[in-house]
Amino acid sequence: MFKRFLCLALLAAGVLGASAASAVEVGEVRTQIGDAYVAYPQLEGLEDEAVMKAVNDDIVLSADIASHLITLATLGESTWGLKVDYETYLQGDVFSTVISAKGKMPNGREGHAYTALTYDLLTGQRLTPQALFTDADAAAETLGAMAEASLSRELSDYLDHSAITPLPLSSFTVNADGVTFWYASDQLSYLSGYSGACQFFYEELDGLLRTDEEGLAVRIGAWPRSYTASQTKSLIETCVSEGWLEHIPVQMGQPMTELTQRYRLVRTPDAFPGGRYFVLEAPVFRDVLVISDSLEAGYEHSVVEGIQLRRGGLYGLMIGQTESSYWREALGEPQEVIAFSENMAYDYGLPVGESDVYHFGAYELRLHADETGVLRAIQLCQ
């Protein structure tokens, strides 16, 4: 859907070309009875059949698929139902998947559980946090503090399970955009009934990730990344003019109901002058706000009118690090500068400072800096 995936594929082309696992594909096994179903991934076409069998067998065992199939066959008239689904990422000789089970669980109660698995397709073994980080213990402490600072703002006081730390470091998946850590339901869960998760873009992990050739992010071609000023400008112009931002699975003009049904609202949208901020539950939306209109009569007919990043970055512009002098060198002088007083900053939930406005096609990019000139938010809007 979004052309940004082409850029990511090109970055990883070297990994794919050299991989012994380049012929492997992800197949699906699905059993469905009425609206209830159990679906899970199985690898196909891997040259080393022993490795493929080891991975496929471990998926079935680790995600407790046999128990879910028994539950599915005996659901009867249960109002809870059961939906076992999954997401996958396959790049070179790394396969990562998270399996989500929602409904009647093997213990006979209604619930939800994630099973996060990441495999080395050269050995068939699961990859550990040590494959990601130079110092896994230090990473756990640093990332746990970051998770606490952001997720705690959105958690309801009515939650039974709301422990953000310790971060579940061994329960992780990777993809082209970052690393996600998936919580057990009895540690962190939302009012929706889904277990918690916390995602970090690779930009946020700079300084923590292994950068040797055996480092996981390096193996999948996701990190390190570097951009010249001209590349930054060209890539930003492309994505903004087409109405999307790197890493974020949202398109300008997309129906809000489509997003809320897929990613789930954390709470009632926050109003600001002229619009509303939507906080979505899916882990990629941590400190990422979707903007729509200010209508008070629901959002059934609302569409995406903006996307605001408060973490991560955009093709070399990194929130919390990049100074305005750099992006002005790369993008040129802004067409407009909006000063944010204390009152205005409070209304919009941004720090006191100023936003540089750049127009590309039908959309505009706003780069918001604090009083020291450091980037604090990236916003795409109409």
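Residues numbered from 1 in each chain as written. Predicted model: local features only at pLDDT ≥ 70, side-chain atom pairs only at ≥ 80, totals over all residues. Heavy atoms only, no water.

A. Representation of helix H9 (residues 324–331). Here H9 has its buried residues at Trp327, Ala330 and Leu331. Mapping the buried residues of H9 onto a view down its axis gives an arc of 80°, with all of them on the same face. On its buried face, H9 is in contact with helix H7 (229–242), strand S14 (317–318), strand S16 (353–360), strand S17 (363–370) and strand S18 (375–381). Of the residues flanking the end of H9, it is Gly332, one or two places downstream, whose phi is positive at about 90°. (Buried < 20%, exposed > 50% of the residue type's maximum accessible area, 1.4 Å probe, protein only. Helix = DSSP H or I, 4+ residues; strand = E, 2+ residues; numbered from the N terminus. Arc of directions from axis to C-beta. Contact = heavy atoms within 4.5 Å.)

B. Representation of H7 in the model. Here H7 is 14 residues long and its end C-alpha atoms lie 20 Å apart, about the 20 Å a rise of 1.5 Å per residue gives. Looking at the buried side of H7, the elements it contacts are strand S13 (313–314), S14, H9, S16, S17 and S18. Once H7 finishes, Gly243 follows within two positions and takes phi at roughly 85°, a positive value. (Expected span 1.5 Å × (residues − 1).)

C. Spatial organisation of the nonpolar core. Ile236, Ile248, Phe285, Val290, Leu365 and Leu367 are the most contacted members of the largest nonpolar core, which has 37 residues in total. Of all the elements in the fold, those that place two or more residues in this core are H7, helix H8 (256–263), strand S11 (288–292), strand S12 (306–309), H9, S16, S17 and S18. The biggest single contributor to this core is S17, with four residues. Here Leu367 is in contact with Leu317, Trp327, Leu331, Glu354, Ser355, Asp356, Tyr358, Leu375, Ala377 and Ile378, once residues within four sequence places are set aside. (Core = buried A, V, L, I, M, F, W, Y, C linked by side-chain atoms within 4.5 Å.)

D. Representation of the sheet that holds S17 within the structure. Spatially, eight strands are ordered S9-S10-S11-S12-S18-S17-S16-S15 in an open sheet, and the strand pairing comes out antiparallel. Each end of this open sheet is capped by a strand with a single partner; those strands are strand S9 (270–272) and strand S15 (336–340). Geometrically, the sheet is characterised by an average inter-axis angle of 25° between neighbouring strands, direction not taken into account. For S12 and S18, the ladder comprises four bridges, and the chain directions are antiparallel. Opposite Leu309, over in S18, you have Ile378 as the bridge partner. Of the strands in this sheet, S16, S17 and S18 are in contact with H7, which crosses S17 at around 120°. (Pairing = 2+ DSSP bridges. Axes fitted to C-alpha atoms, helices over the stretch in contact; angles between N-to-C directions.)

E. Region of interest: the pairing of S12. Burial along S12 is two-sided: Gly306 and Gln308 facing one way and Ile307 and Leu309 facing the other are all buried. Pairing between S11 and S12: four bridges, direction antiparallel. Following the sheet pairing, Leu289 is matched in S12 by Gln308.

F. Structural context of the pattern of salt bridges. This model, assessed by the stated rule, comprises 18 salt bridges. Between Arg366 and Glu364 there is a salt bridge; the shortest N-O distance is 2.7 Å. Note on Glu364: relative accessible area 8%, which makes it buried. Residue Arg376 pairs with Asp370 through a salt bridge whose shortest N-O separation is 2.8 Å. Taking relative accessible area as the criterion, Asp370 reaches 13% and is therefore assigned buried. (Salt bridge = Lys/Arg side-chain N within 4 Å of Asp/Glu carboxyl O.)

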